[in-house]
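Fold and geometry: a report
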Amino acid sequence: MQKIPVYFVPGLAASSLIYERLKLPESLCECVYLEWEVPLEAETLSDYARRLSEKIVHERPILVGVSMGGIMVQEMSKFIDTRKVVIISSVKSNQEFQPLFKQAKYTKTYRIVPTTLLIHLEKLAKYNFLGHKIQMRLKLYKRYLYMRNKKFWDWAIREIIMWDRSEADPEVVHIHGDQDVIFPSKYIKDFILVPGGTHIMLVIKPDLISQHLTEVIEREALK
């Protein structure tokens, strides 16, 4: 049996290391990990997705994306034939954004996000007055942060907020936690629930995510 190619796109500015704790059936799939690149001048989300999809060398892969990566793989699927698109801790359309995101689109307040501060956020981990949980999250942030280019961050935040997909694709497999504060589950429909799953559940609950992804791969292998 020929292995199914599975391509992974990480979350906002993250490295593909974010997927390092997943355990998938090696006999059924071949995993390929993509990394973020600095956007070209005036490049749209769709143009970027087309450029990233050119890195796919296998026919009919499964695409997997977490957070912004989930948005990206949905855009990429416009340009290539896919077996399945799987998103984790993400959204299927701009209708699943929380009100704060929708407000930012119309008020343009995303322009004042201090991206330079976000890029160096992990430096706060050295301060003892922060709680243990916050320090641990900042250390995780430091481990997985890949893209420190301000141009990328400004572009990415704008493109997420301005994402123009208004209708969800019913064929997208959506894995989501009920404790996600970035994309709260109460605004999202038709997803596989991960109880207690936060926006970083890919790192915190890798066994559950691995289980759900394995089920998708096994179903596709039987077709």
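Shown above is the structure to which this text applies.
Residues numbered from 1 in each chain as written. Predicted model: local features only at pLDDT ≥ 70, side-chain atom pairs only at ≥ 80, totals over all residues. Heavy atoms only, no water.

1. Re the packing of aromatic side chains
One pass over the full model with this rule turns up 11 aromatic pairs. A ring pair is formed by Trp36 and Tyr48, whose centres lie 6.1 Å apart and whose planes are at 45°; its orientation type is tilted. Here Trp36 is found in the loop between strand 2 (29–33) and helix 1 (45–53), whereas its partner Tyr48 is found in helix 1, with 12 residues between them in sequence. Considering the side-chain rings of Trp36 and Phe152, the 5.6 Å spacing of their centres and the 55° angle between planes classify their relative orientation as tilted. (Phe/Tyr/Trp six-rings, centres within 6.5 Å; stacked < 30°, edge-to-face > 60°. Helix = DSSP H or I, 4+ residues; strand = E, 2+ residues; numbered from the N terminus.)

2. Describing the environment of Val85
Mapped onto the secondary structure, Val85 falls in strand 4 (residues 84–88). Each C-alpha atom, one on Val85 and one on Asp169, is 9.7 Å from the other, the two residues being 84 residues apart in sequence. Aside from chain neighbours lying at most four places away, what touches Val85 is Leu63, Val73, Gln74, Ser77, Glu171, Val172 and Val173. (Contact = heavy atoms within 4.5 Å.)

3. As for helix 2 (residues 68–76)
Of all the 9 residues making up helix 2, 9 are buried; the element is thus mostly covered by neighbouring parts of the structure. Those residues of helix 2 that are buried are in contact with strand 1 (4–9), helix 1, strand 3 (62–66), strand 4 and helix 6 (150–161). (Buried < 20%, exposed > 50% of the residue type's maximum accessible area, 1.4 Å probe, protein only.)

4. Overview of the sheet that holds strand 5 (residues 173–177)
Strand order in this open sheet of 6 strands is 2-1-3-4-5-6, and the pairing throughout is parallel. Strand pairing shows two members of the sheet lacking a second neighbour, strand 2 and strand 6 (192–194), which therefore form its edges. Here the average twist between neighbouring strands, direction ignored, is 20°. Relative to strand 4, strand 3 runs parallel, the two sharing 5 bridges. Directly across from Val66, in strand 4, lies its bridge partner Ile88. Those strands touched by helix 2 are strand 1, strand 3 and strand 4, and its axis lies near 150° from that of strand 3. Across the sheet, helix 8 (residues 206–221) lies against strand 1, strand 2, strand 3, strand 4, strand 5 and strand 6, angled at about 175° from strand 4, the strand it touches most. (Pairing = 2+ DSSP bridges. Axes fitted to C-alpha atoms, helices over the stretch in contact; angles between N-to-C directions.)

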